[in-house]
Amino acid sequence: MSNIHVLVPVADGSEDIETVAIIDVLRRAEINVTVASCGKHKSVVLARKTKIEADAMIDECAHQTYQCIALPGGMPGAEHLRDHATLTQMLKDQVKHGRYYAAICASPAVVLSHHGLFKGVAKATCYPSLADSLITQEGAHTSQQLAQGPRVVVSGHCITSIGPGTAIEFSVKLVDVLLGPAAAEKVARPMYVHFDPSQL
């Protein structure tokens, strides 16, 4: 097991594929993953009715240091993440201290952009239909730009991705930035996932 710790906040309505892909791929890389509920209970029902049991409640994680906080998307899950004060403060602390934070699908726009966490971030992506809410140093985006652009975007300590179909690529990129390309390749190969660090 590595000495890297990643927090994966979840809520009722988080996207099923994205949630499980992030947790699974990071754990395959022997990264310490804490799944934290932003709801009322550890038991969470995802957007397509998949039920998962979180490791902890988010408030129990507030004083821990994580090398990365990775947000799944999905609606209304992303809105629940956006509205949780403890998570918001933890994300702001990640930015303040130069630690990684990541989001996929709805969460880059609904959570990160909403809370002004793209200041200093040159590029990002999200689910294309939410393009109007994605504001970075480049300014506003169009849905066509995002749909035709990179599937995973790294800008400084911020990693973003488009949606369920890019969830494994996104997760492999998290392994890459946290542990290096050799570790990412080691995880990707047995899953038959193409990994080219020059393209992600």
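Rules of the game
Residues numbered from 1 in each chain as written. Predicted model: local features only at pLDDT ≥ 70, side-chain atom pairs only at ≥ 80, totals over all residues. Heavy atoms only, no water. Helix = DSSP H or I, 4+ residues; strand = E, 2+ residues; numbered from the N terminus. Rg over C-alpha atoms; globule rule 2.2 N^0.38 Å. Buried < 20%, exposed > 50% of the residue type's maximum accessible area, 1.4 Å probe, protein only. Contact = heavy atoms within 4.5 Å. Salt bridge = Lys/Arg side-chain N within 4 Å of Asp/Glu carboxyl O. Pairing = 2+ DSSP bridges. Right-handed = clockwise from strand over helix to strand, strands pointing away. Expected span 1.5 Å × (residues − 1). Core = buried A, V, L, I, M, F, W, Y, C linked by side-chain atoms within 4.5 Å.

Some remarks on the overall build of the chain
In step 1: Each helix and strand counted, the chain has 7 helices and 9 strands in total.
In step 2: Against the globule reference of 16 Å for 200 residues, the chain gives a C-alpha radius of gyration of 15 Å, in line with a compact fold.
In step 3: By principal-axis analysis of the C-alpha atoms, the chain measures approximately 40 × 35 × 35 Å.
In step 4: Out of the 200 residues belonging to the chain, those deemed buried represent 52%.
In step 5: For the chain, the share of sequence-separated contacts (at least 6 apart) that also reach a separation of at least 24 residues comes to 64%.

Topic: unusual backbone geometry
In step 1: Omega for the peptide link from methionine 75 to proline 76 comes to 5°, which places this bond in the cis form.
In step 2: The phi torsion at glutamate 30 lies on the positive side, around 60°, for a residue other than glycine.
In step 3: As for its position among the elements, glutamate 30 is in the loop between helix H1 (16-28) and strand E2 (32-37).
In step 4: Even without being glycine, lysine 49 reaches a positive phi, approximately 75°.
In step 5: Within the element layout of this structure, lysine 49 appears in the loop between strand E3 (43-45) and strand E4 (51-53).
In step 6: For lysine 49, a relative accessible area of 63% corresponds to the exposed category.

Describing the pattern of salt bridges
It is possible for side chains of opposite charge to pair when their charged atoms get near one another.
In step 1: By the definition in use, this model includes 6 salt bridges.
In step 2: The shortest N-O distance in the salt bridge between aspartate 176 and lysine 173 comes to 2.5 Å. With aspartate 176 and lysine 173 both in helix H6 (residues 167-179) and 3 residues apart, this pair spans about one turn of that helix. Residue aspartate 176 shares its accessibility class with lysine 173, and that shared class is buried.

Quick notes on the pairing of E2
In step 1: Pairing geometry for strand E1 (residues 5-10) and E2, over 6 bridges, is parallel. Paired with valine 6 across the strands is valine 33, a residue of E2.
In step 2: Note on the crossover from E1 through H1 to E2: the handedness is right-handed.
In step 3: Of the strand pairs in this sheet, E2 and strand E5 (residues 56-57) are connected by 2 bridges, and their pairing is parallel. Residue pairing across strands places alanine 36 opposite alanine 56, the latter belonging to E5.

Some remarks on helix H3 (residues 85-96)
In step 1: For H3, spanning 12 residues, the distance from its first C-alpha to its last is 16 Å, which sits close to the expected 16 Å at 1.5 Å a residue.
In step 2: Along H3, the positions that sit buried rather than exposed are Thr86, Leu87, Thr88, Met90, Leu91 and Gln94.
In step 3: In this fold, the buried residues of H3 make contact with E1, strand E6 (68-71), helix H2 (77-82), strand E7 (100-104) and helix H4 (107-113).
In step 4: Backbone geometry just downstream of H3 places glycine 98 in the positive-phi region, at approximately 70°.

Notes on H6
In step 1: With 13 residues, H6 extends 18 Å between its outermost C-alpha atoms, agreeing within 8% with the 18 Å of an ideal straight helix rising 1.5 Å per residue.
In step 2: For H6, a buried count of 10 out of 13 residues is recorded, marking the element as mostly surrounded by other parts of the structure.
In step 3: When H6 is considered as a whole, its buried residues turn out to be Ala167, Glu169, Phe170, Ser171, Val172, Lys173, Leu174, Val175, Asp176 and Leu178.
In step 4: The positive-phi residue at the C-terminal boundary of H6 is glycine 180, with phi of around 105°.

Examining the side chain of threonine 19
In step 1: Inspection of the secondary structure puts threonine 19 in helix H1.
In step 2: Exposure remark for threonine 19: the relative accessible area of 0% places this residue in the buried category.
In step 3: Other than its neighbours up to four places away in sequence, threonine 19 contacts Val10, Ser14, Leu46, Ile52 and Pro72.

Considering the nonpolar core
In step 1: Among the nonpolar cores identified, the biggest contains 36 residues, and Val6, Ile22, Leu26, Ile31, Phe170, Leu174 and Val175 are the most heavily contacted of them.
In step 2: When contributions to this core are tallied by element, the ones reaching two or more residues are E1, H1, E2, E6, E7, H6 and helix H7 (181-188).
In step 3: With 6 residues, the single largest contributor to this core is H6.
In step 4: Contact partners of valine 6, with chain neighbours within four places excluded, come to Leu26, Ile31, Asn32, Val33, Thr34, Tyr66, Cys68, Ala70 and Leu178.
In step 5: Listed in part, the 31 residues of the second largest apolar core include Leu7, Tyr66, Val111 and Cys158.

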